[in-house]
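What follows is the residue order along each chain.
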Amino acid sequence: MVRVDGVDVSGLCDAGLRSRLGEIGRAESRLAAMKADVLGELARRRGNANAEHTAKETLSVSGRAVRSDVKAAVAMGELDATREALADGRVPAGHAQLIARAAGDAPVDDVFLAERAQHEGHDEFRRTVARHVAEVSRNDGASLLERQRQQRSARVFTSRDNGMVVINGQFDPVTGARLASVIAATERQLYHHEDPESRPTPVQRTADAIAKLICEPDAQRPTGTSLLVFADYDMVNHRLADTRFADGTPIPISEIARIAVDAQILPAIFDDATGDLRMGRSRRTATELQRMALALRDEGCIGCGTHPDHCRSHHIDFWHRGGPTDYANLVLVCHGCHEKIHQDGFTVEPHRTRPGRFRLQPPDEPAGDPETASRAPPP
Ligand SMILES: [Zn+2]
């Protein structure tokens, strides 16, 4: 039964509002399950194109949205555990969509993913799915990467709505990570030359960086354009394992050799005991090595998952209160989450399920993990 009764929200306390959001989330999941059932049945009877047309007319949505909905619905037909968890409201609709999309790329383990989807926030689950797809893909994800390469596309066109020129493209994860690291480094370079009184917005700066890179190809390349690639060393088999980018996206090990040909690879071995990651009070900003180690541990902003390239290191025990510039006292945060800490009283707390990691907590949040608590049925 999908039903959220109307209520005067101004009369609810904070806990009441939070529980109401939880109800809405569960109802959205159930609706998504119903929609997948209907679209899947339509597609089975009359084909995908027909189902898309019917949905587009009936729901008055864009062709693009309806195409991905029908594709997900068809995939969901094979994913019993995910479908069931979605229908029960245990798995958020966005998580189920990630599973359905992944099922198109590899023979995923539906039961395993549906289980994890109930306990992980969106960013964490996105990484779980990516790792899982790489694991179950044949030849260490190389065939998946090849398929993604085939799907590369880009368009440059003038919008009929407002006359703006639009650049729209999608790239495989390896090419994409290289592009993103060069764009991010150019953004940092532009940032340092800006007048602090009149800074552009982050999206304006990204646009400026892309224009500069394309229109001034001879301009000096900014420093820090190196692509971070992480791997674990498998002591038993004496080889690299779990090769991945800074945000946790897995990459086939065979791809490392290709990247190494024209990219600058900075090998760094992190060992807490060496002391290299402990700068104490000798400097205020993180070293390059610390930044890499933080990217490896935090995989992005601890508040919202923003890519490490767009994060700064924040002292958990504030610098002006004597906090040291040590790996253990630093976390990665984006600009917005950094402001939440300094202006809105958010605090950095140990992650409840991932030892050694951190998360951001609002000043008056009750006990209990907000990510899982919000999905739990009301008492
Ligand atoms: Zn953030």
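Residues numbered from 1 in each chain as written. Predicted model: local features only at pLDDT ≥ 70, side-chain atom pairs only at ≥ 80, totals over all residues. Heavy atoms only, no water.

Asker: Explain the overall build of the protein chain to me, please; I cannot follow it from the model alone.
Answerer: Within the protein chain, the regular secondary structure consists of 14 helices and 8 strands. Looking at the protein chain residue by residue over its 379 residues, the buried ones come to 36%. The contacts in the protein chain between residues at least 6 apart in sequence include a share of 53% that link residues at least 24 apart. Roughly 22,500 Å² of accessible area belongs to the protein chain as shown, and the carbon and sulfur atoms make up 53% of that amount. (Helix = DSSP H or I, 4+ residues; strand = E, 2+ residues; numbered from the N terminus. Buried < 20%, exposed > 50% of the residue type's maximum accessible area, 1.4 Å probe, protein only. Contact = heavy atoms within 4.5 Å. Areas by Shrake-Rupley, 256 points an atom, 1.4 Å probe, with all protein chains shown as cover.)

Asker: Could you clarify how one ought to interpret the nonpolar core in this entry?
Answerer: Across soluble globular proteins, nonpolar side chains show a tendency to be buried alongside one another. Counting 29 residues, the largest nonpolar core has Phe125, Val129 and Val133 as its most contacted members. Considering every element that reaches this core, the biggest residue donor is helix α3 (residues 63–76), with 6 residues. Counting 21 residues, the second largest nonpolar core, distinct from the first, contains Phe230, Ala293, Phe318 and Leu330. (Core = buried A, V, L, I, M, F, W, Y, C linked by side-chain atoms within 4.5 Å.)

Asker: Just checking my understanding: could you explain the packing of helix α1 (residues 14–46) against helix α2 (residues 48–59) for this structure?
Answerer: If you want to describe how two helices pack, look at the angle between their axes and the distance between the axes. At a minimum axis separation of 7 Å, α1 and α2 run at an interaxial angle of 135°. The orientation of α1 relative to α2 falls into the category oblique. For α1 against α2, the interelement crossing comes out right-handed. Contact with α1, carried on its side by Lys35, Leu39, Leu42, Ala43 and Arg46, involves Asn48, Asn50, Ala51, Thr54, Ala55 and Leu59 of α2 and no other residues of that element. (Axes fitted to C-alpha atoms, helices over the stretch in contact; angles between N-to-C directions. Parallel < 35°, antiparallel > 145°, perpendicular 65-115°, else oblique. Left-handed = near helix turned anticlockwise from the far one by under 90°.)

Asker: Sorry if this is basic, but what is going on with the environment of alanine 106 here?
Answerer: Residue placement: alanine 106 occurs in the loop between α5 (93–103) and α6 (110–117). Owing to a relative accessible area of 8%, alanine 106 belongs among the buried residues under this scheme. Separated by 26 residues in sequence, alanine 106 and histidine 132 place their C-alpha atoms 9.1 Å apart. In this structure, alanine 106 is in contact with Val133, Val136, Ser137 and Arg147, ignoring residues within four places of it in sequence.

Asker: I keep staring at the pattern of salt bridges and nothing clicks. Help me out?
Answerer: Between side chains of opposite charge, pairing is possible as soon as their charged atoms come close. Counted by the stated rule, this structure contains 14 salt bridges. A salt bridge links arginine 116 to glutamate 120; the shortest N-O distance between them is 2.6 Å. With a relative accessible area of 7%, glutamate 120 lands in the buried category. Of the charged contacts in the structure, one is a salt bridge between glutamate 124 and arginine 354, with a shortest N-O distance of 3.4 Å. On the criterion of sequence distance, the pair formed by glutamate 124 in helix α7 (residues 122–136) and arginine 354 in the loop between β7 (347–350) and β8 (358–361) is long-range, its members being 230 residues apart. On the basis of relative accessibility, which here comes to 13%, the residue glutamate 124 falls in the buried class. The structure contains a network of salt bridges with shared partners spanning Glu41, Arg44 and Arg45. (Salt bridge = Lys/Arg side-chain N within 4 Å of Asp/Glu carboxyl O.)

Asker: Help me understand the packing of aromatic side chains, please; the structure alone is not making it clear to me.
Answerer: Geometrically, a pair of aromatic rings is defined through the distance of the ring centres and the angle of the planes. Taken as a whole and judged by the stated rule, the model has 0 aromatic pairs. Lying over the aromatic face of tyrosine 191, arginine 199 brings its terminal NZ or CZ to 3.8 Å of the ring centre. A cation over an aromatic ring shows up here: arginine 297 above the ring of tyrosine 327, its NZ or CZ 4.8 Å from the ring centre. (Phe/Tyr/Trp six-rings, centres within 6.5 Å; stacked < 30°, edge-to-face > 60°. Lys NZ or Arg CZ within 6 Å of the ring centre and 35° of its normal.)

Asker: For this particular structure, what's the right way to read the pairing of strand β2 (residues 165–170)?
Answerer: Regular strands show a simple pattern: their side chains alternate between the two faces of the sheet. Pairing of strand β1 (residues 153–158) with β2, which is carried by 6 bridges, proceeds in the antiparallel orientation. Within the sheet, the bridge partner assigned to phenylalanine 157 lies in β2 and is valine 166. With antiparallel pairing between neighbouring strands as the criterion, β1 and β2 make up a hairpin whose turn holds 6 residues, including glycine 163 at a positive phi of roughly 75°. (Pairing = 2+ DSSP bridges.)

Asker: What am I meant to see in the side chain of aspartate 69 here?
Answerer: As for its placement among the helices and strands, aspartate 69 is situated in helix α3. On the basis of relative accessibility, which here comes to 18%, the residue aspartate 69 falls in the buried class. Setting aside residues up to four positions removed in sequence, aspartate 69 forms contacts with Lys35, Leu39 and Gln97.

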